[in-house]
Amino acid sequence: MKEVIVIGGGISGLHCAIKLAEAGVRVKLIAPHPSERAQSVMAAGGINAVLSKHDEGDSVECHIEDTLKGGSYLAGKETVTGLCRNAEEILRYLEKIGTVFTVDHEGAIAKRAFGGQSFKRTCFCGASTGKQIVSALVMEARRFEVLGRIERELWTYFHSALIRDGKCYGALVYNEKLDKIKAVYADALVMATGGQNSLFGKTTGSTQCDGYAAGQLFMQGVQLKNLEFIQYHPTTLETCQKRMLISEAVRGEGGRLFYTEHGKRIYFMEEKYGPKGNLMTRDVVSREIDKANRTGREVFLDITFIGEKEIGRRIPEVRDLCQKYRGIDISKEPIPVAPSVHFFMGGLAVHPNHETNIDNLFAVGECASIYHGANRLGGNSLLAAMYSGMVAANEIIARDFETEKVDFSAEEAKENTRLRKMKETKSQFPVMYIRDMLSDVMRQNLGIVRDEQAMKQGLADLDYYLSICDRLSFDSSVSMYINYSLKAILTLGKATILGALHRTESRGAHFRSDYPDMDEAFAYATIIAYDNGQFHISMDKEHVYEN
């Protein structure tokens, strides 16, 4: 019987594990926390699909074109075609396993408008679509846990992949309760670890998604792709803990962005882009809000005009969020909003079957860079999470794996010794101090608008932190995982800035004030490889237009 390790318990990891288990594959699902705490539950707005009953003029081909156009044609057409053509089947599957979608007056799945889309095709469960999908997938996964096909191991963190001669044999994982690293062997390893939120500190996402896995795998020879494309969600609300996402659903329901000037409201997006200005793609809206903020104007999002009853019916979660965290009654007053880091189009470079450049090592969900090009459309992330998990599972099911066994016990012992010695190190700065400094560097030097001077300063800062990170003191106030993950996260931060420096143009979510125009010489994916401390960058057409 085939054995597969899935790292991560969010939507992409769950769906991959379920599909494997359905085919009789034995799956070990490893995650630091229960799936109910995965970032996937925070996805609010909806999931895109052109259903059999759709708006006049809409089509799957239109969804494909909107996705390619929104990503500045940097995503592969064949992979995007597969994503969009499977959307309705995925939605019907979700319905079948218990996802409760909002319906219209005729009982059909309701759809709302999202930015960058020509028609309403975002299906939703109020404003808690991700939570509903996770709940349904968890119940389905538990069926296979009872059958012994899925074994869930919690409070366990990814440490590194077991790689030899370009092939993956499993993973080293760190068990928090045992305070020990162990080797887990499998025919295939699937990474479903999300984006790189901790690079930027306070974002809309979960700090569980810190980028460590991508950074560690990068240092082990896995190629990274398009790291410079970082999506800032245009509408977030400042709180003490984090930036709270104000779902695009608010604008999809008619919400209007404005600032005041001489006592008068200026609906700046509508003035510049017309009636659909509030639903431009996220990169465009974020830059316009950032421009207003730089001139001292505070931007607000108004939805008061649809009334208290409709707000309670259409976007109750947004209403509750604003009331709970800021005491704002959105039926009576507008919401103060600003952009914040929200999604990473870049990540592990994968082939159309979701395998990396290392044999038997796969990546799915946000940690895999494949479908979104230079900018993701709202509603496509949940679709890509579901679809990518299915694609990777299908590839693994169809493949005949070699039965050779490789012993990594020496590596296991070496890493356990390293962790013990780590607790004995002394230095001036604790690990969390450098983690905080890293997020400051990334926010200040790789924001919505970038330039060479700022990014080079950020690069110099990261080079300094990398030069001292092996001599930092053990920080007993945080977990061992936080301590051992620092170098890989710093390395990922450096790779991200190098990718942004290399792309001397503006495209999608990557905007450079010193190179404000799009340049067709850069109509390719940015591929970054690591070899013994050296970073190698190339522009690779093969990762854009797949054969």
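Because the structure is predicted, anything quoted here is derived from the model rather than measured.

Caption draft 1: Main features of the packing of aromatic side chains. Scanning all chains against the criterion turns up 17 aromatic pairs. The rings of Tyr157, Phe158, Tyr174, Tyr212, Tyr481 and Tyr484 are connected pair by pair, giving a single aromatic cluster. The cationic tip of Arg143 hangs over the ring face of Phe144; the distance from NZ or CZ to the ring centre is 4.9 Å. Here the basic side chain of Arg164 rests over the ring of Phe408, its NZ or CZ set 4.3 Å away from the ring centre.

Caption draft 2: Region of interest: the sheet that holds strand E13 (residues 243–245). Here we have six strands laid out as an open sheet, ordered E13-E12-E17-E16-E14-E15, and antiparallel in their pairing. The open sheet has two edge strands, E13 and strand E15 (264–266), and neither has a second partner. Each strand axis lies, on average, 55 degrees off the axis of its neighbour in the sheet, ignoring direction. Strands in contact with helix H11 (residues 316–326) are strand E12 (230–238), E13 and strand E17 (335–344); relative to E12, the strand with the most contacts, it is inclined by about 65 degrees.

Caption draft 3: Layout of the sheet that holds strand E11 (residues 224–225). Strand order in the open sheet formed by five strands is E20-E18-E11-E23-E24, with mixed pairing between adjacent strands. Where the open sheet ends on each side, the last strands, each with one partner, are strand E20 (368–369) and strand E24 (534–540). Across two bridges, E11 lies against strand E18 (residues 347–349) in antiparallel orientation. Within E18, the position partnered with Leu224 by the bridge is Leu348. The sheet strands contacting helix H17 (residues 486–502) are E11, strand E23 (525–531) and E24, and the helix crosses E24 at an angle near 45 degrees.

Caption draft 4: Here's a closer look at the packing of helix H14 (residues 431–445) against helix H15 (residues 452–468). One way to put it is that H14 packs onto H15 with a least axis distance of 9 Å and a crossing angle of 165 degrees. What the angle tells us is that H14 and H15 run roughly antiparallel. Crossing hand, H14 versus H15: left-handed. Together, Ile434, Met437, Leu438, Val441, Met442 and Asn445 of H14 and Ala454, Met455, Gln457, Gly458, Asp461, Leu462, Tyr465 and Ile468 of H15 make up the contact between the two elements. Partitioning the contact of H14 with H15 into residue classes produces 10 nonpolar, three polar and one charged.

Caption draft 5: Expanded view of the side chain of His33. Along the chain, His33 turns up in the loop between strand E2 (26–30) and strand E3 (47–48). Among the polar contacts listed, one links the side chain of His33 to the side chain of Arg37, at a separation of 3.3 Å. Contact partners of His33, with chain neighbours within four places excluded, come to Leu154, Trp155, Tyr157 and Gln208.

Caption draft 6: Broad picture of the pattern of salt bridges. On inspection of all chains with the given rule, the structure shows 47 salt bridges. Close ionic contact of Arg85 with Glu61 constitutes a salt bridge, the shortest N to O distance being 3.9 Å. Within this pair, whereas Arg85 is found in helix H3 (residues 77–85), its partner Glu61 is found in helix H2 (residues 60–70), the two being separated by 24 residues in sequence. On the basis of relative accessible area, Arg85 is assigned to the exposed category, the value being 55%.

The rules behind each value
- Residues numbered from 1 in each chain as written.
- Predicted model: local features only at pLDDT ≥ 70, side-chain atom pairs only at ≥ 80, totals over all residues.
- Heavy atoms only, no water.
- Phe/Tyr/Trp six-rings, centres within 6.5 Å; stacked < 30°, edge-to-face > 60°.
- Lys NZ or Arg CZ within 6 Å of the ring centre and 35° of its normal.
- Pairing = 2+ DSSP bridges.
- Helix = DSSP H or I, 4+ residues; strand = E, 2+ residues; numbered from the N terminus.
- Axes fitted to C-alpha atoms, helices over the stretch in contact; angles between N-to-C directions.
- Contact = heavy atoms within 4.5 Å.
- Parallel < 35°, antiparallel > 145°, perpendicular 65-115°, else oblique.
- Left-handed = near helix turned anticlockwise from the far one by under 90°.
- Nonpolar A, V, L, I, M, F, W, Y, C, P; charged D, E, K, R; others polar.
- Polar contact = N/O pair within 3.5 Å; in protein donor to acceptor, adjacent residues only side chain to side chain.
- Salt bridge = Lys/Arg side-chain N within 4 Å of Asp/Glu carboxyl O.
- Buried < 20%, exposed > 50% of the residue type's maximum accessible area, 1.4 Å probe, protein only.

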